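Breakdown of the fold
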Protein chains: 2
Amino acid sequence: MSTGSPQAAQDADPGFDTADPRAVRRAIREGRFTGFTNLVARNYVQGNLIAVPADHADAFEDYARANPEALPLLGRGEPGRRDIPAIAADLDIARDTGGYMVFRDGELVETPRDASPFWRDDLVPFVIGCSFSFEALLQRHGVRLRHLEEGDVSAMYETDRDTVAAGPFGGKLIVSMRALTPADAIRATLISARHPGFHGAPVSLGLPEDLGIADLERSYGGHGMKRVLPGELPVFWACGATGQNAVRAARLPLAITHYKAHMVVTDLPLPEDYA
Amino acid sequence: MSTGSPQAAQDADPGFDTADPRAVRRAIREGRFTGFTNLVARNYVQGNLIAVPADHADAFEDYARANPEALPLLGRGEPGRRDIPAIAADLDIARDTGGYMVFRDGELVETPRDASPFWRDDLVPFVIGCSFSFEALLQRHGVRLRHLEEGDVSAMYETDRDTVAAGPFGGKLIVSMRALTPADAIRATLISARHPGFHGAPVSLGLPEDLGIADLERSYGGHGMKRVLPGELPVFWACGATGQNAVRAARLPLAITHYKAHMVVTDLPLPEDYA
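Residues numbered from 1 in each chain as written. Chains lettered and ligands numbered in written order. Predicted model: local features only at pLDDT ≥ 70, side-chain atom pairs only at ≥ 80, totals over all residues. Heavy atoms only, no water.

What about the overall build of chain A?
Looking only at helices and strands, chain A has six helices and 11 strands in total. For 275 residues, the compact-globule estimate of 2.2 N^0.38 gives 19 Å, and the C-alpha radius of gyration of chain A, at 17 Å, lies within 12% of that figure. Taken over the C-alpha atoms alone, chain A extends approximately 50 × 45 × 30 Å along its principal axes. When the 275 residues of chain A are sorted by exposure, 57% land in the buried category. If you average the places of the 28 positive and of the 37 negative side-chain charges in chain A, the two averages end up 2 Å apart. (Helix = DSSP H or I, 4+ residues; strand = E, 2+ residues; numbered from the N terminus. Rg over C-alpha atoms; globule rule 2.2 N^0.38 Å. Buried < 20%, exposed > 50% of the residue type's maximum accessible area, 1.4 Å probe, protein only. Lys, Arg positive; Asp, Glu negative; His and termini not counted. Charge placed at Lys NZ, Arg CZ, Asp CG, Glu CD.)

The following block contains the structure:
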């Protein structure tokens, strides 16, 4: 599977309107866009996908509602349906992120670009708020996000903080990290706090050990921009990957999630924000 | 001059209502209370005092308005008057803080408990918002302020940041510092940002060098709690002492300010704040 790069959307003439969420989804579905979604449809909310069998869906919703900083719930689908009309028109959630992880009994068995061969009629999709949405808001207000400048995504870390368990779901809080100047850390705190739908305010900053993170070089999944330069602080936000981690640990017979940085692009406009 | 201690107000039977700003002012004026004002009248706004000759008053107001984070203007008096009815009833600003600094040509010449022998009919008093007000709000919301637990006040530092000059007034920004856990630093940022009248959000945090502070042990004036423990971050707010510094540097023939931690106690109620 190609994971593309965040710059892909900036190439000359991508052949579709990169600002239009419906055009982005169609381009992904037809294989014409294979990049990360963080730099397309930037005026629209994006989300994590977590699909679980129907007999675990209520417990997963309970888990999300008990841990709203990590798992702000944007939408829940119906069993056997691959659309969620409340958040996106003409959505095929099994094809429109362009990258998936398929777990069986907690083991990652496939990372297809199209999940429809693996979809099952009892799967219930959940869409969970994502930091790509607040990154767009931060940039509107002049916060410098160096990981984007470097063509990377933010690093994630497993913390030593327990989430609130529900049914078979539990485990540690996963966070995303951005390296910011002190002034930008303060500005980013104030802006993100106004958006609980995309994780809200940071959960910690400045001291990785406050979250039990011993080594910033060792990120969750190994990817993302991990370097903090002199004059910068690491700033940590609760991350939707917390849900992926919980689903994996619950060893459900089947679960399907989006793949790294290939998010559900919705038609929900990003809120206006006047800092 | 006795500078008292922050615990003084907590002693058994101080002989006056320590929660009532008018009773506090009267006790100070009559020499019955000589402590710091940070733990009395905690539901009321307190302020820095800076009194300058009338021919410099408009320039000083311009300076304050050009640097509102450091110098949020709460009140301005009239030449020759020692009351400011808009902020406090029955105020004698030359006696009611209980501690003053008298500057002649920029030199500190006296630190009296009563400034009335030094007052002049052309002096115009300014009252500037003070961090004691936001400290009370922070504590209401469960932010731990270790310097208060240790019977101390916050440390201040001269930074390498220039203020916006006006007339003879200018110079570097002075900040106050509180050592906070990361979670409290985030909470304190969100709460203080809602109160621009008491300096608003922090100007920096985590990295003293961001403000050109080479050594936290060397505070402005030498006092205050300077230690940052493992698990804490230094958090820096713009400070009203910036104005005192500017007045001193302007070498006015006469200027009178409050003395460390002896503030103008006003009748303005602290705003409600729902975090």
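After presenting the structure, the write-up continues.
Let's talk about the environment of A:Leu148
All names here are of chain A. Here Leu 148 is to be found in helix 4 (residues 146-149). Residue Leu 148 is classed as buried on the basis of its relative accessible area, which comes to 6%. Measuring from C-alpha to C-alpha, the distance between Leu 148 and Ala 238 comes to 19 Å, with 90 residues separating the pair along the chain.

Quick notes on helix 6 (residues 241-249) of chain B
Residues and elements named next belong to chain B. Counting buried positions over the nine residues of helix 6 gives seven, a clear majority of the element. Within the span of helix 6, buried status applies to Ala 241, Thr 242, Gly 243, Gln 244, Asn 245, Ala 246 and Val 247. Considering only its buried residues, helix 6 is in contact with strand 1 (44-53), helix 2 (54-66), strand 3 (100-104), strand 6 (155-162), strand 7 (172-180) and strand 10 (255-258). The first or second residue beyond helix 6 is Arg 251, which carries a positive phi of 50°. (Contact = heavy atoms within 4.5 Å.)

Description of the sheet that holds strand 7 of chain B
All names here are of chain B. Pairing is antiparallel in the open sheet, where four strands are placed in the order 6-7-9-8. The open sheet has two edge strands with one neighbour each: strand 6 and strand 8 (204-205). Bridge count for strand 8 against strand 9 (residues 233-238) is two bridges, and the pairing is antiparallel. Note on strand 9: the bridge partner recorded for Leu 205 is Val 235. (Pairing = 2+ DSSP bridges.)

A few points about the packing of aromatic side chains
All names here are of chain A. Applying the stated rule across the entire model yields 14 aromatic pairs over all chains. Ring geometry for Tyr 157 against Phe 236: centres 6.3 Å apart, planes inclined by 80°, an arrangement best described as edge-to-face. Here the residue Tyr 157 occupies a position in strand 6 (residues 155-162), and Phe 236 occupies one in strand 9 (residues 233-238), the gap between them amounting to 79 residues. Using a relative accessible area of 1% as the deciding quantity, one classes Tyr 157 as buried. (Phe/Tyr/Trp six-rings, centres within 6.5 Å; stacked < 30°, edge-to-face > 60°.)

Examining the pattern of salt bridges
One pass over the structure, following the stated rule, counts 40 salt bridges over all chains. Note that B:Asp92 is salt-bridged to B:Arg95, the shortest N-O span being 2.7 Å. Overall, B:Asp92 belongs to the buried group, its relative accessible area being 10%. Among the salt bridges present, the one from B:Glu150 reaches B:Arg146, with a minimum N-O distance of 2.6 Å. Through salt bridges with shared partners, a single ionic network connects A:Asp58, A:Glu61, A:Arg65 and A:Arg76. (Salt bridge = Lys/Arg side-chain N within 4 Å of Asp/Glu carboxyl O.)

A look at the relation of the copies chain B and chain A
Turning chain B through 180° and shifting it by 0.0 Å along the axis lays it on chain A, with an RMSD of 0.0 Å. Both copies of the chain, as the preceding transformation shows, are related through a two-fold rotation axis. (Least-squares fit on C-alpha atoms with pLDDT ≥ 70 in both.)

Comments concerning the packing of helix 5 (residues 182-193) of chain A against helix 5 (residues 182-193) of chain B
Between helix 5 of chain A and helix 5 of chain B, whose axes approach to 10 Å, the crossing angle comes to 75°. As the angle between them shows, helix 5 of chain A and helix 5 of chain B are arranged roughly perpendicular. Between helix 5 of chain A and helix 5 of chain B, the contacting residues are A:Ile186, A:Thr189, A:Leu190 and A:Ala193 on the first element and B:Ile186, B:Thr189, B:Leu190 and B:Ala193 on the second. For the contact of helix 5 of chain A with helix 5 of chain B, the per-class residue count stands at six nonpolar, two polar and no charged. (Axes fitted to C-alpha atoms, helices over the stretch in contact; angles between N-to-C directions. Parallel < 35°, antiparallel > 145°, perpendicular 65-115°, else oblique. Nonpolar A, V, L, I, M, F, W, Y, C, P; charged D, E, K, R; others polar.)

Comments concerning the pairing of strand 10 (residues 255-258) of chain A
Residues and elements named next belong to chain A. In terms of strand pairing, strand 1 (residues 44-53) meets strand 10 through two bridges, oriented antiparallel. Residue pairing for strand 10: Ala 51 is matched across the bridge by Ile 256. In this sheet, strand 10 lies alongside strand 3 (residues 100-104) in antiparallel orientation, the contact comprising four bridges. Bridging across to strand 10, Met 101 finds its partner in Thr 257.

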